[in-house]
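# An overview of the molecular structure
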Amino acid sequence: MLQALARNKSIGFGVIVVIVLSVLALVLPTYWTQLLTRVLIMALFATSLNFQVGYAGMFPLGHSMFLGLGVYSFGLLFTKGDLALTPAFGGALLISIMASGIIGYLCLRGDSMTFALLHLGFNILLYTIVNKWISFTGGNAGIVGISRPGLFSDTQSFYYFVLAAVSICYILMRILINSPFAKVTQGLRENEERLRFLGINIRRFQLVIFIISGLFAAVAGILLAMLDKGVFPTDISLTKSAEGLMMCLIGGMFSFLGPSLGAAIVVIISTVTSTYINQWQGLLGIIIIACVIGFRGGILGRRKSKLRLSKERVHQ
Amino acid sequence: MELIGLFRQLLIGISSGMVIFLMAAGVSLVFSGMNIINFGQGAFFILGAFLCFSIVNVLNLWWALILAPLVVAILGGLTEFLLRPLYGKSILYQLLLTMGVAFVMVDGMQAIWGKSIRTIPGPAFLSSTLPFLGLDFPTYYIFILIISGLVALGLWLMFEKTKLGMLFRAIISDREMVGNLGINVALLFNVMFMFGVWLSGMAGVLMAPIIGIDAQMALQVLFTLIVVLVIGGLKSMRGAFFAAVILGITNALGSMLLPWFYTLIPATLMIIVLLIKPEGLFGKPEE
């Protein structure tokens, strides 16, 4: 009963957020609409990352490789493969699913520390390939010339396109999180050993989470490629991975919308500061150090997790 | 002719493998003792190389070999202070912190030494080749081999024969017990971290005259370290040694025999090991 009410409340909240975001685009100047589009895309990326970090308790240190896989497979299918937007979109999703399946299988061969190491390792590997294989990926300069869907080519209408796409993804993710499947993954975070005693195949669960999370990150990547009208190696860099983790950390890992809030903060900081200094990586490093030492709970973190605990107690 | 080239590449492979081993030994030591992977190790390596560049301009390589790793180690000690509030917390925070430190260092180094690639002229007495058994070997690689061999030997002796080594071994096998014996674990952690980073600085100085020094290279170095750790097994020093030497040799031979595939060799090796023996060649299987 309480849970159903809570869910209804969250549906209402979601509707209000979407309405507010739709109205915002009508009143904001173009520059801010574009920024808000980026916030929405990065929020999707951060939420997909939080599937692993917050819900399954894994340490995916190189999640930008899936954002980058989306960006690059879409961009390359579109420009080099000469596909139309829709088949390129589908093809990019397919490639991302296969790649995250393979990478996930390899990363999950060892313990959690090996997972973290390998995740980072594959991120560096893909980044290096993208940077070195200049004839195919354009190297450091990237590839330009990706177009947006015909109806949504200007800034404002593209914003609505992204808002719709991200909302659909959020609804899907929300449904997934409320499913019994996700309860198991939360168990993974809390006590892996006990789940193993229950005879649950942990690896398989982690792999499914891994693929789902990679898939949503790839969707974010495809939207990002459309927004920037091109593909760039920064989309697959370690800095982006760390940005994603900071979004989860700042916003709060144990709440569904926390990472999105974090995404807004991180994207705005990076955009605003980039007009003054050209040292985003170092600044991000300082933010990471400061947050990890002084601000581990996140904005929505503590409150929400307590709420959930008390709710479950009422349920029992 | 082919054979001579093969021997030369073998020498280059073994000596660069030894340098990689120094770095990997640092990571492995810190991981076994403190359960932290130091993602800054690649950045500390580059810092060692850059410091070597600056010191060679004023003094010479010998001074660089002493001073540069020392400065790097002190910075490592400061990094350990940042880690202190995080012991006992989720590993994620500790990993993120070392990553943040690496980011700050890479940007800092670019601010200090610029974004262009720096090179150091090798010392004159080491730039020739050494005839041996009718073959010519590049002297600098022999120099690297000797120095890194000495450091590795020193590392082993320190571990087996000195009190500090004994404490290191003790803290690896039972941290709590060491604390109960009234030994200052916090200080020991600091020394351990500094030592691990010192090894990386040493490696950086040794490689400085034969690479183009570029702050962005920290990533590639880190990747090589990850490959070595995964192949050798995370906590095994012996594994790190064999993995580093194997990697060095396959890299050197690969650059001669399979130039087009050269950059993917480490990753391929790692994936093969993962598929066959996920805990690493010398790692203990999970309980």
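A quick note: this is a predicted structure, and the numbers were derived from the prediction, not measured.

## A short note on the overall build of chain B
Secondary structure summary: chain B contains 11 helices and two strands in total. Along chain B, from the amino end to the carboxyl end, the secondary structure elements read α-α-α-α-β-β-α-α-α-α-α-α-α. Expressed along its principal axes, the backbone C-alpha trace of chain B runs to roughly 60 × 50 × 35 Å. Within chain B, residue pairs in contact and separated by at least 24 positions form 76% of the contacts whose partners lie at least 6 positions apart.

## Some details on the confidence of the model for chain B
Regions with low pLDDT carry predicted coordinates that are not meant to be interpreted in detail. With 92% of its residues at a pLDDT of at least 70, chain B reaches an overall mean of 82. In the model output, the complex is listed with pTM 0.85 alongside ipTM 0.83.

## Remarks on unusual backbone geometry
Backbone geometry at K229 of chain A places phi at a positive 55 degrees, although glycine is not the residue there. Relative to the elements of secondary structure, K229 of chain A occurs in the loop between α10 (202-228) and β2 (230-231). Despite not being glycine, N35 of chain B shows a phi value in the positive range, around 60 degrees. Among the structural elements, N35 of chain B can be located in the loop between α1 (2-34) and α2 (41-58).

## So, the environment of L269 of chain B
Residue and element names in this part refer to chain B. For L269, the position within the fold is in helix α11 (residues 265-276). Judged by C-beta crowding, with 20 C-beta atoms within 10 Å, L269 ranks as buried. Here L269 is in contact with V227, I231, L247 and T250, once residues within four sequence places are set aside.

Definitions and limits used
- Residues numbered from 1 in each chain as written.
- Chains lettered and ligands numbered in written order.
- Predicted model: local features only at pLDDT ≥ 70, side-chain atom pairs only at ≥ 80, totals over all residues.
- Helix = DSSP H or I, 4+ residues; strand = E, 2+ residues; numbered from the N terminus.
- Contact = placed C-beta atoms within 7 Å.
- pLDDT = per-residue confidence, 0-100.
- Buried ≥ 20, exposed ≤ 12 C-beta atoms within 10 Å, placed from the backbone.

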